[in-house]
Amino acid sequence: MEPPANPGVSPAELELTMENVEAALYQLYFDPDMEHKNVAQKWLTKAQASAQAWQFCWALLGPDKLPEVQFFGASTLHTKISRHWSDLPTDRHESLKMQLLSHILHFSSGPKLVLTRLCVALASMALNLIPQAWSQPVADMVRAFQPQKPDSEGGSGAEATQDPHAHCLALLELLTVLPEEFQSSRLAHARRCLLREALAGEWAVVCPMLRQLLQSQDSSIQVKEKVLRCLSSWVGLDVPLGESHELVQDCFTALSNTELFDTAVETIVNAISQPDSQRYIEALVNLMPQVLGLHDQLKTAAQDGDMETSHGICRIAVAMGETHSRVLLEQVEHWQEYLALVNMILFCTGIPGHYPVSETTSSLTLTFWYTLQDDILSFEEEKQAVYLHVYRPVYFQLVDVLLHKSHYPSQEEYASWSSDDKEQFRIYRVDISDTLMYVYEMLGAELLSNLYDRLGQQLMDPQQSAVWQDTEALLFGFQSIAETIDVNYSDVIPGLIGLIPRINISNVMLADTVMYTIGSLADWLADHPVMLVGILPMVLQGLVKAELSVSSVSTLKRICRECRHDLGPYAQDILTVSQDVLVKEIHKSSQCMWLMQALGFLLSALPVEEVLGRLHSLITPHVQQLDTLAQQEPDPTNKQSIIHILGMLSSLFTTLDINRQADSSEGASSPRLTPSQITQNPVVVVLQQVFTLIQTILSKWLDDSEVVEAVCGVFEKSVRTLLHDFGPMVAQLSEMLGQIYSAFPQASALDLARQMVHIFAGEEHHISIIKNLIEVLTSATLTIFQQGPRDHPDIAESFMHLHAQILKRKPDMFLSDRLDVKGLFYSGILSLKFPETPTVKAATLFFTELLPRCKDMPLLGEVLHRDGKLLTETVLQAVGGESPRSLTDHFSEVLLSLNRHCPVLLSQWLKETLQTPGFPSAQVSTEQKHTFSQQLLREQTNKRRVKEIVKEFSLLCRGLQGSGYSDY
């Protein structure tokens with residue numbers, strides 16, 4: 001058939017005829033033009049919804065039609081039955097049922113897609129009729145598919161000659177999709193419960209039939225596979241395991257057939273994983289020998305490297321052991337069987353091969369060990385002791401297995417792995433680490449002693465220590481536990497710290513783990529600083545190797561943070577090695593930032609009089625490099641270098657805080673200079689010295705937001721850390737900020753100003769400087785708002801946050817006649833209309849800070865009287881659909897604030913704005929708008945209730961009330 005003559009015709013213009021439906025289908029499936037396909041798709045969707053679809057769907061199922069056309073006919077039938085059932089008169093139900101059964105029989109030999117769709121349609125029909133109008137659907141379906149004589153009533157000659165094997169498969173397909181259609185249908189709760197009960201009652205008919213087909217020697221592989229899939233589908237209805245455990249037992253015989261193995265595994269796992277099956281203890285106990293009987297097949301598969309078989313059997317064992325752990329533990333008379341299952345799972349955990357390259361089974365078992373441990377430790381003390389006696393030895397074996405599984409392959413083999421395999425192995429080791437940490441709860445200090453003894457034996461025996469993987473695995477075990485468990489009181493840690501320097505860290509992977517292990521013991525080292533002497537040289541040795549970058553730098557940072565007060569004797573060595581690796585650019589940028597943070601901690605704890613000299617020594621090479629870059633013409637390479645150096649300074653100033661050191665040393669016997677005795681903070685001295693250089697950089701890079709952000713970052717981190725000690729910098733920094741922002745506004749300058757307001761707005765000798773800065777920044781920003789701020793959502797967001805901070809910390813700044821409060825108010829309203837969520841949130845915060853102060857500040861009150869209606873209108877527009885629903889709560893806070901601080905005015909504004917027809921949405925009636933106003937005006941304190949009122953009104957405005965979306 002030819003496609004339509006004019007494929008671009010609007011769907012509404014095409015007459016709904018059989019020919020046009022087929023033409024549209026040809027266009028959908030065979031026309032290469034995507035626009036034509038989309039037109040056809042829309043038209044066909046409309047056709048499916050039409051009343052004529054009840055008729056043309058049968059014609060599309062004609063034997064002379066293409067499979068694509070037949071499939072659309074079957075899909076249309078399903079659509080009509082599932083979505084337009086009420087359109088069909090009751091007296092046509094029986095004839096529709098017979099037509100569907102007849103067509104399913106006709107299509108039983110294929111095409112498969114059409115058959116499945118027809119089965120889904122009949123299943124949907126059954127769900128509409130059960131139980132009142134169709135009391136025994138399964139029995140009727142089975143009867144309809146029984147072999148019939150050619151002249152039998154209701155059967156055509158064509159149907160009678162159909163293959164009984166195909167009929168059997170079609171019946172199984174129908175019985176399989178019936179529960180699936182129930183699960184996927186949107187049903188009211190009461191109706192779902194009624195249908196579930198009715199369908200569960202049909203299991204008494206389905207189960208014996210499936211058993212008979214699975215046991216029959218005449219059943220083909222296809223039929224048996226269908227039986228397995230059918231059982232899996234019905235299991236989802238929570239059919240009682242007590243009534244079907246014999247059928248589940250029969251499924252185990254299918255595991256010996258390679259063609260049925262995967263489907264049988266899926267079915268058995270689904271059946272025994274049903275939580276409800278715990279009620280059928282006898283059935284579970286009867287299934288246990290079947291599961292244990294797979295152990296020999298599992299061992300053979302593991303020896304032969306048959307990953308699929310071992311994976312499948314492991315899934316069955318874990319499903320049984322994990323889902324029913326507590327129930328099976330409580331069957332004391334069967335304790336040996338459950339112990340055998342646990343050992344079977346342990347075998348799966350330790351299955352030969354390297355994950356994920358030569359095995360993928362072991363990872364399936366890890367959560368089982370959590371479950372079993374939780375269940376054992378949940379018993380009362382006396383009972384628990386019995387189970388611990390049995391299972392603690394198993395868990396010690398588990399530790400050995402996990403450490404062995406965490407072994408790296410040889411370096412040659414590991415080098416051949418893909419990056420994806422390496423990443424999966426990394427995640428696998430993290431999972432093992434988490435499991436070891438959890439197991440410590442059961443095994444306790446004995447576990448650490450066990451690991452320590454083995455590590456000592458290895459390091460003392462030259463032959464054993466030659467296998468670096470064994471040493472790495474034991475350290476990995478220590479690190480896994482020490483990372484999250486407090487091991488400070490463990491008596492083996494001193495010995496471990498003593499052993500670590502004996503380890504040869506020439507192998508990168510072993511060296512990495514050594515570093516992380518030392519890092520995990522940083523807290524312990526802080527309490528035992530005498531042990532640092534043997535450990536720090538190893539860390540510094542690792543620091544000079546690029547391949548140990550992440551582990552060595554993170555470990556040094558942890559040591560400098562936790563042990564900083566005891567690092568004085570080692571400070572020179574740490575600084576020398578660190579300066580060397582920074583100058584030689586051994587580490588990537590992010591590790592350089594970590595290293596600078598580590599050195600900030602270190603410098604903070606040194607005698608105050610030493611800090612400035614050490615600081616100068618550390619940063620001088622980088623400042624000199626920055627000076628050289630500042631003299632050069634801007635280019636991308638220079639830019640990255642400038643940002644990198646500024647980032648290092650920011651990182652250093654984030655942690656360099658001599659006040660922290662002074663506080664912690666109170667009460668110390670040795671006399672020290674306190675910060676008050678130092679004329680200026682060392683960080684401030686450095687910043688003042690590099691200030692001119694920073695101005696030079698800004699003069700060349702003023703229009704580059706990344707460079708400006710990096711410069712502001714240096715000062716912002718310093719302000720956050722130094723707090724009031726930053727005071728000497730306030731004047732010159734404020735002047736520079738005003739200049740750079742006026743020339744080229746950047747959000748980062750506003751963020752820095754906000755930090756300065758937070759710290760210094762309350763200090764009398766800084767207030768006039770801060771006030772002048774705010775006036776300059778506000779004037780420049782309002783100019784942007786007048787010109788159109790749409791391209792600067794980041795500036796709008798930071799501007800709103802800045803003024804919210806001013807209103808919180810120093811609201812009387814708004815009394816200045818040089819601050820355009822009207823312009824500010826209007827810029828807030830404009831910010832509420834931005835599509836960017838962070839900008840809108842900042843604007844709502846600005847208004848919730850501003851509105852409470854309108855009563856006490858006449859100038860703000862005047863602006864509110866003048867533009868409050870516009871604010872109300874803007875918020876209602878946003879709630880009515882202009883803004884994402886996720887922001888509704890934020891807008892509700894503005895409305896609550898308006899109602900709390902100017903209820904009379906809000907009442908007037910609501911009345912005036914909501915009386916406009918179609919505002920804020922055509923979806924809400926005048927009565928609904930009135931109800932919303934009344935409800936809102938009644939609530940002046942209950943924030944939760946206001947949010948509910950506004951959310952409900954927003955849903956009404958968007959046409960979503962009662963649609964199911966209101967829950968999201």
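Residues numbered from 1 in each chain as written. Predicted model: local features only at pLDDT ≥ 70, side-chain atom pairs only at ≥ 80, totals over all residues. Heavy atoms only, no water.

## Notes on the UniProt feature "domain: Importin N-terminal" (unreviewed entry) in the chain
Formally: UniProt positions are given in the numbering used here, feature names are shortened, and annotations may be inferred rather than shown by experiment. Note on conventions: DSSP H or I runs of at least 4 residues are helices, E runs of at least 2 residues are strands, and numbering of each starts at the N terminus.
Those places that UniProt annotates as "domain: Importin N-terminal" (unreviewed entry) correspond, in this numbering, to residues 40-106. Annotated as residues 40-106, this span is 73% helix and 0% strand, and its ends, taken at the C-alpha atoms, are 29 Å apart.

## As for the nonpolar core
As a rule of thumb, nonpolar side chains are buried together in soluble globular proteins. Where we set the bar: In this description, a nonpolar core means a group of buried Ala, Val, Leu, Ile, Met, Phe, Trp, Tyr and Cys residues linked to one another through side-chain atoms lying within 4.5 Å. Residue exposure (1.4 Å probe, protein chains only): buried if accessible area is under 20% of the type maximum, exposed if over 50%, otherwise partly exposed. Residue contacts are counted whenever heavy atoms from the two residues lie within 4.5 Å of one another.
Ranked by internal contacts, the top residues of the largest apolar core, which has 312 residues, are W234, F715 and F814. In terms of residues, this core owes the most to one element, helix 6 (residues 112-129), which gives 12 residues. If sequence neighbours within four positions are ignored, F715 has contacts with L687, F691, I694, F726, M729, L733, M736 and L752. By size, the runner-up hydrophobic cluster in this structure holds 15 residues, among which are V21, W43, V69 and F72.

## What about the packing of aromatic side chains?
What counts here: Two aromatic rings, drawn from Phe, Tyr or Trp (for Trp, its six-membered ring), form a pair once their centres lie within 6.5 Å of each other, and the interplanar angle then sorts them: stacked below 30 degrees, edge-to-face above 60, tilted otherwise.
Taken as a whole and assessed by the stated rule, the structure comprises 20 aromatic pairs. Both rings, one in Y355 and one in Y428, keep their centres 4.3 Å apart while their planes meet at 20°; by these two values the pair is stacked. Here Y355, found in the loop between helix 18 (335-349) and helix 19 (366-377), pairs with Y428, found in helix 22 (residues 419-443); they are 73 residues apart in sequence, far enough to count as distant. Across the pair, exposure class does not vary: Y355 and Y428 are buried alike. With a centroid separation of 5.5 Å and an interplanar angle of 90°, the aromatic rings of W417 and F425 are classed as edge-to-face.

## Thoughts on the domain arrangement of the chain
Using the following cut-off: Throughout, the edges of the domains are those of an automatic or database domain assignment. Once two parts are joined, some of their accessible surface, as seen by a 1.4 Å probe, is lost; buried area is that loss totalled over both. Throughout this description, the term salt bridge denotes a Lys or Arg side-chain nitrogen within 4 Å of a carboxyl oxygen of Asp or Glu. Contacts described as polar in this section are N or O atom pairs within 3.5 Å, which, within protein, must combine one atom able to donate a hydrogen with one able to accept it, while residues neighboring in sequence count only if both atoms come from side chains. Ten residues, namely Ala, Val, Leu, Ile, Met, Phe, Trp, Tyr, Cys and Pro, are considered nonpolar, four, namely Asp, Glu, Lys and Arg, are considered charged, and the remaining ones, Gly among them, are considered polar.
For the chain, the assigned domains are domain 1 (745-853) and domain 2 (861-967). Taken over C-alpha atoms, the centre of domain 1 sits 25 Å from the centre of domain 2. On the domain 2 side, the residues contacting the 15 residues of domain 1 number 18 residues. A buried area of about 1600 Å², summed over both sides, lies between domain 1 and domain 2, and 79% of it is on carbon and sulfur atoms. Run the count over domain 1 and domain 2 and you get zero salt bridges. If you look at where domain 1 meets domain 2, you find zero residue pairs in polar contact (both at pLDDT 80 or more). When residues of the side of domain 1 that touches domain 2 are traced back to their parent elements, those giving at least two are helix 42 (821-832) and helix 43 (837-850). Classifying every residue of the side of domain 1 that touches domain 2 gives nine nonpolar, three polar and three charged.

## A word on the environment of E472
Here E472 shows up in helix 25 (residues 468-482). The spacing of E472 and I503 is 31 residues in sequence and 9.8 Å in space, taken between C-alpha atoms. If sequence neighbours within four positions are ignored, E472 has contacts with S406, Y408, R429, M509, L510 and T513.

## Regarding the side chain of S651
Relative to the helices and strands, S651 is located in helix 34 (residues 636-655). Judged by relative accessible area, which is 8%, S651 ranks as buried. Not counting the four nearest positions on each side in its chain, S651 is found in contact with M593, M596 and Q597.

## Topic: the state of the cysteines
Formally: By convention in this document, the label disulfide applies to cysteine sulfur atom pairs within 2.5 Å.
Applying the stated criterion across every chain yields a total of zero disulfides. Summary of cysteine pairing: C207 is not part of a disulfide, and the nearest cysteine sulfur, belonging to C251, is at 9.6 Å. Of the cysteine sulfurs around C230, a residue in no disulfide, the closest is that of C207, at 10 Å. Take C230: its relative accessible area is 0%, and that puts it in the buried class.

## Here we look at the pattern of salt bridges
By the definition in use, this model includes 34 salt bridges. A salt bridge links R558 to E483, with the shortest nitrogen-to-oxygen separation between them at 2.8 Å. Of this pair, R558 sits in helix 30 (residues 549-562) while E483 sits in the loop between helix 25 and helix 26 (493-499); the two residues are 75 residues apart in sequence, bridging distant segments of the chain. When its relative accessible area of 34% is taken as the criterion, E483 is described as partly exposed. A salt bridge links R754 to D751, with the nearest nitrogen and oxygen atoms 3.8 Å apart.

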